[in-house]
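Reading the structure
For reference, the chains in residue letters:
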Number of protein chains: 2
Amino acid sequence: MTLGSASARPTSSRFPSAHSLTVGGRLFLIDCGEGCQMQMARFKVPFPRLDNVCISHLHGDHVFGLFGLISTLDMVGRVAPLHIYAPEGMQKLLNVISDFFGAVKYELVVHTVKCKEPVLIQSFKSLDIYAFPLRHRVETYGYLFREREPQPNIVKEAIGEYNLTLEEIGTLKRKENIIRQGKEGEMIMLEYEKLTYKPFEARSFAYCSDTAPYPKLKEWLMGTDLIYHEATYASDLKALSKTTAHSTSKDAAELALAIGAKKLVIGHFSSRYRNLDLLLEEARGVFPETFLAQEGMIFDIPQNVSIKKKR
Amino acid sequence: MTLGSASARPTSSRFPSAHSLTVGGRLFLIDCGEGCQMQMARFKVPFPRLDNVCISHLHGDHVFGLFGLISTLDMVGRVAPLHIYAPEGMQKLLNVISDFFGAVKYELVVHTVKCKEPVLIQSFKSLDIYAFPLRHRVETYGYLFREREPQPNIVKEAIGEYNLTLEEIGTLKRKENIIRQGKEGEMIMLEYEKLTYKPFEARSFAYCSDTAPYPKLKEWLMGTDLIYHEATYASDLKALSKTTAHSTSKDAAELALAIGAKKLVIGHFSSRYRNLDLLLEEARGVFPETFLAQEGMIFDIPQNVSIKKKR
């Protein structure tokens, strides 16, 4: 969910960068601009469930909401550690804030991100999170959330047809073929590809803000389903986007097209745009499945469940 | 105008403490909780006109909006210095933030407030600002804005009737009597009290947050027209208000009554109150002219203009 779609200068309707992400009941926060906790309250994001915050870079419009959020979590009696993934400097910053405003009673675990290509920064049962470098004026990282490939399900009818043992079922689920000896001593191969199916497609989401266009992202994010990409300007301000190390909405759309994304969400809009139609239009000219990040809006990746009743 | 009426934990509708004040075209900010700049944008407070910010104390819910505001003012090209009045520590805090997020191009002038009784901290042509100590868990100050007593106006008809010279008019405006020699050598006294009138009543506003009830405020704020006072709790939580060094709405009302205020605005409400009727009711039981601080609400002190046409 978009909690903040503004670039550095907020407007009367747009808050600085902040997004929540829910995967399988887990709640993540990606960037935490000023007012993030108020937006979470406003849009009923169950923030005590938050365990992981990914910060792209240490610019105020991506960070200034963190201090208040950390303090509020303390006030509501949090005991579980809060994990914060961020470029170098975050630990020092949090130490300073804690010196001024007091330490919180739960643990803040800072994971310093430092990489030149995608690295796995956290793994959960069915989800991996990678950080990858972006190209901005300061050290900046994007985050890729990728569901793990699910274990294949056994085609129901095959169990009876072949009298599959529990051990054999395990073999097939590990994507290994079964070799049996037939009544006449012949070898029978039971192929896992024929007797199993993928219960659903693993989904992926990439977050890219702030960044100038960066060709390596095409390779790194190939096949990502949903991509959030900053689009601070329209194309007529291409020159300004270069000097500030930002992107136009067309840049964002070109990346989405190149990686074969299903959906692109653009955000981090310059305060000069009261109306965002131009940015949307330019992006849709390249990549039709583009949507505007707007406060409170939820962008869903439907879980593509396959139900295979018959072979 | 109230920009934030919450206590430490904001709610879906209440932002942390922040208030703007306009006196004779000058814009002041009193406390600057997280999201203050977004509230200013939302309620069209012309924030580039801001020159003076008064911070009561260094708790996050009164300060965390300052970093973003300072940065946004830089982005919109501010050149004039910004004056910040705050307890000790503010300069150091701003230095740290500037180390992390970069220095701004205009000057931040920090005035460290330290006093045990009211002191004048700033004077403008027609306005004096005083700081005075409050009683909280950390060093905390309230602020008193007091218009200067206006120079008296001359009753129009007196000019012709007594053929007042420019010099004599100056004398009367300085509140001095004129002594003339009559035709027969007798002394004639022209009394300024009879020949002048006060063009309007000087107004005053006091801001008291956060604080436990503090008897000295009665003396220091006597006769203040409008008072904002924190009212974190209702009376049933009096014990909690003591341990946290806060006030109940009844405490606030008792002070307003004791100083003969015209109007009391209560704020800094605990997040436990979804509905604020109880707090308002309890306060109005003591001081009927009590109002709830609510985001976007303007509390005016009408300028009581006297037009004296005839003596």
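Let me begin by describing the structure that accompanies this report. Quantities reported herein were computed from a predicted structural model and do not represent experimental measurements.

The next point concerns the packing of aromatic side chains. One pass over the full model with this rule turns up 20 aromatic pairs over all chains. With a centroid separation of 6.2 Å and 75° between ring planes, the pair formed by Phe67(A) and Phe67(B) is classed as edge-to-face. With Phe67(A) in helix 3 (residues 66-75) and Phe67(B) in helix 3 (residues 66-75), the pair connects residues from two separate chains. Here Phe67(A) matches Phe67(B) in class, with each residue buried. Between Phe101(A) and Phe64(B) the ring centres are 4.8 Å apart and the planes differ by 65°, which places this aromatic pair in the edge-to-face class. Of this pair, Phe101(A) sits in helix 4 (residues 90-101) while Phe64(B) sits in the loop between helix 2 (60-63) and helix 3, on two different chains. In terms of burial, Phe101(A) and Phe64(B) fall into one category: buried. Joined through ring pairs, the aromatic side chains of Phe64(A), Phe67(A), Phe100(A), Phe101(A), Phe64(B), Phe67(B), Phe100(B) and Phe101(B) make up one cluster. One Lys or Arg, Lys263(A), reaches over the ring of Phe291(A) and ends 5.6 Å from the middle of that ring.

Time to look at the interface of chain A and chain B. Taken together, the contact between chain A and chain B spans 34 residues of the former and 34 residues of the latter. Here chain A meets chain B over a buried area of about 2,700 Å², counting both sides, of which 77% is carbon and sulfur. Our count for the chain A to chain B interface comes out at zero salt bridges. Here chain A is connected to chain B by four residue pairs in polar contact (both at pLDDT 80 or more). Elements with a minimum of two residues in the side of chain A that touches chain B: helix 1 (36-42), helix 2 (60-63), helix 3 and helix 4 of chain A. It is helix 4 of chain A that provides the largest number of residues to the side of chain A that touches chain B, a total of six residues. Classifying every residue of the side of chain A that touches chain B by side-chain character gives 19 nonpolar, eleven polar and four charged.

So, about the relation of the copies chain A and chain B. Both copies of the chain are related through a single rotation about an axis accompanied by a shift along the same axis. Structural alignment of chain A on chain B gives an RMSD of 0.1 Å, achieved by rotating through 180° and translating 0.1 Å along the axis. Taken together, the rotation and translation describe the operation of a two-fold axis. Of the C-alpha atoms belonging to chain A, the one lying closest to the rotation axis is found on Gly35(A), 2.5 Å away.

Another point: the packing of helix 10 (residues 249-258) of chain B against helix 11 (residues 277-286) of chain B. The description of two helices packed together rests on the angle between their axes and the distance between the axes. Residues and elements named next belong to chain B. One can describe the packing of helix 10 onto helix 11 by two numbers: an axis separation of 8 Å at closest approach and a directional angle of 30°. Taken together, the axes of helix 10 and helix 11 are roughly parallel relative to one another. Crossing angle aside, the handedness with which helix 10 passes helix 11 is right-handed. In contact with Ser249, Lys250, Ala253, Glu254 and Leu257 of helix 10, helix 11 contributes Leu279, Glu282, Ala283 and Val286. A breakdown of the residues in the contact of helix 10 with helix 11 according to their chemical character gives five nonpolar, one polar and three charged.

This brings us to helix 3 of chain A. Given 3.6 residues per helical turn, the α-helix brings residues three or four places apart onto the same face. All names here are of chain A. Of all ten residues making up helix 3, eight are buried, and the element is well covered by its neighbours. Among the residues of helix 3, Leu66, Phe67, Gly68, Leu69, Ile70, Thr72, Leu73 and Asp74 are the ones counted as buried. Looking one or two residues beyond helix 3, the residue adopting positive phi is Gly77, at roughly 85°.

Our focus in this paragraph is the sheet that holds strand 2 (residues 18-23) of chain B. Residue and element names in this part refer to chain B. With mixed pairing, six strands are arranged side by side in an open sheet as 1-2-3-4-5-6. Each edge of the sheet is formed by a strand with only one pairing partner; in this case those strands are strand 1 (2-4) and strand 6 (108-113). Along the sheet, successive strands turn relative to each other by an average axial angle of 20°, direction set aside. Sheet topology note: the strand 2/strand 3 (residues 26-32) ladder contains six bridges and is antiparallel. Note that in strand 3 the partner of Val23 across the bridge is Arg26. Strands strand 3, strand 4 (50-54), strand 5 (82-87) and strand 6 of the sheet are contacted by helix 3, whose axis makes an angle of about 165° with strand 5.

How each quantity is defined
As a convention, each chain's residues are numbered from 1 in the sequence order in which they are written. Each chain is given a letter, starting from A, and each ligand a number, starting from 1, according to the order in which they appear as written. Where local features are concerned, this predicted model is filtered to residues with pLDDT of at least 70; where side-chain atom pairs are given and counted, the filter is 80 or more; whole-chain, interface and lining totals use all residues. Values shown for side chains rest on all heavy atoms present in the structure; no hydrogens or waters enter the calculation. Between 30 and 60 degrees the pair is tilted, below 30 it is stacked and above 60 it is edge-to-face, where a pair is any two Phe, Tyr or Trp rings, Trp via its six-membered ring, whose centres lie within 6.5 Å. Strands here mean DSSP runs of E at least two residues long; helices mean DSSP runs of H or I at least four residues long; both are numbered from the N terminus. To sort residues, take the accessible area from a 1.4 Å probe on protein chains only and compare it with the maximum for the residue type: under 20% means buried, over 50% means exposed, and anything in between is partly exposed. Here, a charge over a ring means that NZ of Lys or CZ of Arg falls within 6 Å of the ring centre while also lying within 35 degrees of the ring normal. Whether two residues touch is decided by their heavy atoms; if any such pair falls within 4.5 Å, the residues are in contact. Summed over both partners, the accessible surface that disappears when two parts come together, traced with a 1.4 Å probe, is what is meant by buried area. For this analysis, a salt bridge means a side-chain nitrogen from Lys or Arg found within 4 Å of a carboxyl oxygen belonging to Asp or Glu. Pairing of N or O atoms within 3.5 Å defines a polar contact, subject to two protein rules: one partner must be a possible hydrogen donor and the other a possible acceptor, and residues neighboring in sequence count only if both atoms are side-chain atoms. Note on residue categories: nonpolar means Ala, Val, Leu, Ile, Met, Phe, Trp, Tyr, Cys or Pro, charged means Asp, Glu, Lys or Arg, and polar means any other residue, Gly included. Only residues with pLDDT of at least 70 in both copies count here: their C-alpha atoms drive the least-squares fit that superposes the copies. For every element, the axis is a line fit to its C-alpha atoms; helices are fit only across the contacting stretch, and the angle between N-to-C directions ranges from 0 to 180 degrees. These descriptions rest on fixed angle ranges, namely under 35 degrees for roughly parallel, over 145 for roughly antiparallel, 65 to 115 for roughly perpendicular, and the rest for oblique. Handedness of each helix crossing follows the sense of rotation of the near helix against the far helix: counterclockwise by less than a right angle gives left-handed, clockwise gives right-handed. For two strands to be treated as a pair, DSSP must find at least two bridges joining them.

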